[in-house]
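Architecture at a glance
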Amino acid sequence: GAGVSQSPSNKVTEKGKDVELRCDPISGHTALYWYRQSLGQGLEFLIYFQGNSAPDKSGLPSDRFSAERTGGSVSTLTIQRTQQEDSAVYLCASSLGPSGGAYEQYFGPGTRLTVT
Amino acid sequence: AQTVTQSQPEMSVQEAETVTLSCTYDTSESDYYLFWYKQPPSRQMILVIRQEAYKQQNATENRFSVNFQKAAKSFSLKISDSQLGDAAMYFCAYRSAGGSARQLTFGSGTQLTVLP
């Protein structure tokens, strides 16, 4: 079946602009995660959605970052007033969630964000 | 908070030989999962192998096996009969089995080169 998809694959934006990154999880997966992969910080957790529960936003680095998940499926990560330190690869992953028997997270190919 | 340490930024192995990648972690939890993920240049994170902390038997997946030492908090990955396609960045990751935390905590990665 189809895996996790993300769009765009690459995004170049000017400092100060807002960007939206999209993630389509695997059908039937109730859990969705966003991670950021940067040279200086490695792989960092950003936010976690599980079903209709309130998201775990504990990894968001600042209030310029927000995410939503509509209808329990597609998720959008929004970065407002982008800064150069936001340049990174943003990875999305989905899993069956804690109620399922399998806990593996399946990752998308990521969006490479470059802020100039 | 849990931490994951990969002390080998780079490793190389001759094709058909065996290589072991190291990983240590720190946690106060007794129940958790450990994973090895592979990330080729395509950026797609691929699950290689996972280990449940409550299982004493080391996990194996074809040419990949782990040496899980719970008391020592060590989780190394052995790749046997290395192939050119094994060249990638390898990440060790930890996930809690209980509570609300479901995100992965990653190590800094080991870049594996396979020499023909």
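It should be noted that the structure appears before, not after, this text.
Okay, so let's go over this structure.

Conventions and cut-offs
Residues numbered from 1 in each chain as written. Chains lettered and ligands numbered in written order. Predicted model: local features only at pLDDT ≥ 70, side-chain atom pairs only at ≥ 80, totals over all residues. Heavy atoms only, no water. Helix = DSSP H or I, 4+ residues; strand = E, 2+ residues; numbered from the N terminus. Rg over C-alpha atoms; globule rule 2.2 N^0.38 Å. Buried < 20%, exposed > 50% of the residue type's maximum accessible area, 1.4 Å probe, protein only. Areas by Shrake-Rupley, 256 points an atom, 1.4 Å probe, with all protein chains shown as cover. Lys, Arg positive; Asp, Glu negative; His and termini not counted. Charge placed at Lys NZ, Arg CZ, Asp CG, Glu CD. Salt bridge = Lys/Arg side-chain N within 4 Å of Asp/Glu carboxyl O.

1. Thoughts on the overall build of chain B
A count of helical and extended segments in chain B gives zero helices and twelve strands. A globule of 116 residues ought to have a C-alpha radius of gyration of about 13 Å, and chain B, at 14 Å, matches this closely. For the C-alpha atoms alone, the extent of chain B along its principal axes is close to 45 × 30 × 20 Å. Looking at chain B residue by residue over its 116 residues, the buried ones come to 48%. With the model as given, the accessible surface of chain B reaches about 5600 Å², and the carbon-plus-sulfur share is 46%. Once the 10 positive and 10 negative side-chain charges of chain B are each reduced to a mean point, those two points are 8 Å apart.

2. Comments concerning the pattern of salt bridges
Under the defined criterion, the tally for this structure stands at nine salt bridges over all chains. Here Lys17(A) ties to Glu14(A) by a salt bridge, and the two come within 3.9 Å at their closest N and O atoms. Owing to a relative accessible area of 45%, Lys17(A) belongs among the partly exposed residues under this scheme. The partly exposed category is assigned to Glu14(A), whose relative accessible area is 48%. Of the charged contacts in the structure, one is a salt bridge between Arg50(B) and Glu104(A), with a shortest N-O distance of 3.4 Å. Residue Arg50(B) is located in strand S6 (residues 46-52), and its partner Glu104(A) is located in the loop between strand S8 (88-95) and strand S9 (106-107); the two belong to separate chains. Grouping residues by exposure puts Arg50(B) and Glu104(A) together as buried.

3. Observations concerning the side chain of Thr13(A)
Relative to the elements of secondary structure, Thr13(A) occurs in strand S2 (residues 10-13). Among the residues examined, Thr13(A) registers a relative accessible area of 7% and is labelled buried.

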